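# Topology and contacts: notes
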Amino acid sequence: MAVVVTSTLVKPRPLAGAPLRATQDPRWVRWLLTGIALGFLAFFLVLPLAAVFGEALRRGLGAYFAAVGDADALASVKLTLIAALISVPANVVFGVAAAWCIAKYSFRGKSLLITLIDLPFAVSPVISGLIYVLVFGAQGWLGPWLIEHDVKIIFAVPGIVLATTFVTCPFVARELIPLMQAQGSEEEYAAITLGANGWQTFWRVTLPNIKWGLLYGVILCNARAMGEFGAVSVVSGHIRGETNTMPLHVEILYNEYNFVGAFAVASLLAVLALVSLVLKSIVEWRHAHAQAQAQAHAC
Amino acid sequence: MSLLRKQHSVLPGFGLSLGFTLAYLGLIVLVPLSAAFLKTAGMSWADFVAAAASPRVLAAYRLSFLASLVAASVNAFFGLIVAWVLVRYAFPGKRIVDALIDLPFALPTAVAGIALTAIYAKNGWLGQWLEPHGVKIAFTEIGVFVALTFIGLPFVVRTLQPVLEELQPEIEEAAVSLGANRWQTIARVLLPELFPALLTGFALSFARALGEYGSVVFISGNMPMRTEIVPLLIITKLEQYDYRGATAIAVVMLTASFGLLLLINLIQKWSRRHHRV
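What counts, and where the lines are drawn
Residues numbered from 1 in each chain as written. Chains lettered and ligands numbered in written order. Predicted model: local features only at pLDDT ≥ 70, side-chain atom pairs only at ≥ 80, totals over all residues. Heavy atoms only, no water. Helix = DSSP H or I, 4+ residues; strand = E, 2+ residues; numbered from the N terminus. Rg over C-alpha atoms; globule rule 2.2 N^0.38 Å. Buried < 20%, exposed > 50% of the residue type's maximum accessible area, 1.4 Å probe, protein only. Contact = heavy atoms within 4.5 Å. Areas by Shrake-Rupley, 256 points an atom, 1.4 Å probe, with all protein chains shown as cover. Lys, Arg positive; Asp, Glu negative; His and termini not counted. Charge placed at Lys NZ, Arg CZ, Asp CG, Glu CD. Axes fitted to C-alpha atoms, helices over the stretch in contact; angles between N-to-C directions. Parallel < 35°, antiparallel > 145°, perpendicular 65-115°, else oblique. Left-handed = near helix turned anticlockwise from the far one by under 90°. Bend = angle between axes of the 7 residues up to and from the residue. Polar contact = N/O pair within 3.5 Å; in protein donor to acceptor, adjacent residues only side chain to side chain. Nonpolar A, V, L, I, M, F, W, Y, C, P; charged D, E, K, R; others polar. Expected span 1.5 Å × (residues − 1). pLDDT = per-residue confidence, 0-100. Buried area = accessible area lost by both parts, 1.4 Å probe. Salt bridge = Lys/Arg side-chain N within 4 Å of Asp/Glu carboxyl O.

### Concerning the overall build of chain A
Helices and strands together make up the secondary structure of chain A, namely 13 helices and zero strands. Reading chain A from its N end, one meets helices and strands in the order α-α-α-α-α-α-α-α-α-α-α-α-α. Taken over C-alpha atoms, the radius of gyration comes to 25 Å for chain A, far larger than the 19 Å a tight globule of 299 residues would show. For the C-alpha atoms alone, the extent of chain A along its principal axes is close to 85 × 65 × 30 Å. Per-residue burial for chain A yields a buried fraction of 50% across its 299 residues. Long-range contacts, defined here as pairs at least 24 residues apart, represent 70% of the contacts in chain A between residues at least 6 apart.

### What about the overall build of chain B?
A count of helices and strands for chain B gives 14 helices and zero strands. Listing every helix and strand of chain B by position from the N terminus yields α-α-α-α-α-α-α-α-α-α-α-α-α-α. Each principal axis of the C-alpha atoms in chain B carries an extent, and together these give about 65 × 65 × 35 Å. Expressed as a percentage of its 277 residues, the buried residues of chain B come to 52%. Within chain B, contacts between residues separated by at least 24 positions form 76% of all contacts whose residues are at least 6 apart in sequence. When the accessible surface of chain B is totalled, it reaches about 12900 Å², and 67% of it is carbon and sulfur. Across chain B, the mean location of the 21 positive side-chain charges is 6 Å away from that of the 15 negative side-chain charges.

### A short note on the packing of helix 1 (residues 27-56) of chain A against helix 13 (residues 259-298) of chain A
Residue and element names in this part refer to chain A. For the pair helix 1 and helix 13, the least separation of the axes is 8 Å and the interaxial angle reads 135 degrees. Between helix 1 and helix 13, the interaxial angle falls into the category oblique. Relative to helix 13, helix 1 is oriented so that their crossing is left-handed. On helix 13, the residues that touch Leu49, Ala51, Val52, Phe53, Glu55 and Ala56 of helix 1 are Val260, Phe263, Ala264, Ala266, Ser267, Ala270, Val271 and Leu274.

### As for helix 11 (residues 182-211) of chain B
For helix 11 of chain B, the principal kink sits at B:Leu191 and spans about 50 degrees; a proline, B:Pro192, occurs within the next four residues. Between the side-chain oxygen at the start of helix 11 of chain B and the backbone nitrogen of B:Trp183 there is a gap of 3.1 Å, and the oxygen is on B:Asn181.

### Some points on the packing of helix 3 (residues 71-104) of chain A against helix 10 (residues 198-227) of chain A
The description of two packed helices rests on the angle between their axes and on the distance between the axes. Residues and elements named next belong to chain A. In contact at an axis separation of 9 Å, helix 3 and helix 10 are set at 140 degrees when each is read in the N-to-C sense. Comparing the axis directions of helix 3 and helix 10 gives the class oblique. Crossing handedness for the pair helix 3 and helix 10: right-handed. Contacts from Thr80, Leu81, Ala84, Ser87, Val88, Asn91, Val92, Val96 and Trp100 in helix 3 reach Phe202, Thr206, Leu214, Val218, Cys221, Asn222, Ala225 and Met226 in helix 10. Tallied by class, residues from the contact of helix 3 with helix 10 come to 12 nonpolar, five polar and no charged.

### Concerning helix 5 (residues 125-136) of chain A
Residues and elements named next belong to chain A. With 12 residues, helix 5 should reach 16 Å at 1.5 Å per residue; the first-to-last C-alpha distance of 17 Å fits that figure. Taking burial as the measure, the 12 residues of helix 5 include 12 buried ones, the bulk of the element. All of the buried residues along helix 5 are Pro125, Val126, Ile127, Ser128, Gly129, Leu130, Ile131, Tyr132, Val133, Leu134, Val135 and Phe136.

### Some points on the confidence of the model for chain A
Residues of chain A with pLDDT of at least 70 account for 92%, and the chain-wide mean is 88. Across residues 1-18 of chain A, confidence stays below pLDDT 50; counting only partners more than four residues off in sequence or on other chains, it has four contacts.

### What about the interface of chain A and chain B?
The interface is formed by 90 residues belonging to chain A together with 88 residues belonging to chain B. Buried area between chain A and chain B, both sides added, is near 7900 Å², and the carbon and sulfur share of it is 80%. Counting every contact that joins chain A to chain B gives two salt bridges. With a shortest N-O distance of 2.5 Å, A:Lys280 and B:Asp102 are connected by a salt bridge. Element by element, the count of residues in the side of chain A that touches chain B is highest for helix 1 of chain A, at 21 residues.

### What to know about the pattern of salt bridges
For side chains bearing opposite charge, pairing can occur when the charged atoms are close. Tallied over the entire structure, the rule returns 15 salt bridges over all chains. Here B:Arg158 ties to B:Asp102 by a salt bridge, and the two come within 3.1 Å at their closest N and O atoms. Here the residue B:Arg158 occupies a position in helix 9 (residues 141-166), and B:Asp102 occupies one in the loop between helix 5 (94-100) and helix 6 (103-106), the gap between them amounting to 56 residues. Classification of B:Arg158 as partly exposed rests on a relative accessible area of 23%. The class for B:Asp102 is buried, based on a relative accessible area of 5%. We note a salt bridge from B:Arg208 to B:Glu212, for which the minimum N-O separation is 3.1 Å. The residues B:Arg208 and B:Glu212 share a single accessibility class, namely buried. A single network of salt bridges, built from pairs that share partners, joins A:Lys280, A:Glu284, B:Asp98, B:Asp102 and B:Arg158.

Given below as structure tokens:
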């Protein structure tokens, strides 16, 4: 395809009312729309982000580091990491298994299965927490049995992990299913024909092909796992230093009017979000690069 | 057909992967979700209506639906402009802006909530300039709308972007060569092409806003009958150990969300067929 240069350089034929390309808007329209778009984004995205850091540093760096280094704050960081370290790998295994059976085989009810995998995205976070209370809570299905055997799930760490897992369960599967469907199974067939067993085929052929998609899913899954608030809030019981994740700790500090503390912990989460966005952009870029290379080789 | 089956059975692991997927999905998602429906199945109809349709709950439904609807509409309008600008125009810093679109997905909702409150509260960054003029945003319905707009922002942009990128320039050139002006090209040629994606983005944004909790509770003020959203009401009932009441409201919301999910799937199926023709 011929490259059409749509630069702002002066056109070689400066006719009055020179025809624009059909897909090109006049300059004033471009400026106006770009201005509206950037204004909207500045107002709704950049301003809140700036507010987090601005409020966190309002009393200076000393107060900021004191708030971040607080024992309860550190305990909440630890719990958030634990919850993510369990739920993200669990959902990676689930995502890979789901994508494998959906992309590599044809069977009845496949589209229903895909819809079911998406289901947690349609459920309000609060309801995601509520359903676990209904199963494991004192009045729930398993409540009496759990009390009898002295197992705490709700208002304890296992409940937080379960609610986080529920909320983040579709992320990896959603990225991998379309990717593996598009890639097809020819390379796996070749590996099997050449004598590889199933696991060898997966580790040596499939995994290298899906690594960028997998990483992308992991980044999104992790960001949500560390930031989940509503679902975790219902099952946590808000015990300081014990069942408080970082987002819950932000809420507690905020409700105690400890604004610098709340925004300091919030700023850690905001940094995490920004790091996730940067990593995500790099992965997108690498993936596009790898695809372009694969296409060049194919030609 | 038999050939297809044979071809597919060459790869091992079907039983293992499908079995694991179904077991995991069943234990983590389906069994807990069914608990909500079974809990309400044990209630009498009158109890259910009393719990899920009391005046306070009805006021919360109204606020949640209306604020979500307005937020999704605003996102559809501005999202279309943002997607158009990002795909069609060049400007410095475009890649950063593009990456930043996903911020509401990555930023924890509680963080968004306190940040928006810090901006719009009475002595906040913007609030201190707005309140003297009688414009109150935090602790009103407008605050709820602002929070829901923030969290729904990426959906429309991200569903429209790939469709805009795939759009063939030829169809616009054809329209122009047949005598359409730019405005007619946009209204009669481009918008119908973009409409299914726009509708999908709108529905996704609306569905997300309906269930949103974290970003809203801080800025809404949570006044019963006025600025109380449905998810907050569920939490309030839970804190009062009214599990049946909470579950009854949750079932209404779940039904609404599943209906929306079905609608989104239908829109996408319809648009795929529309594109193939």
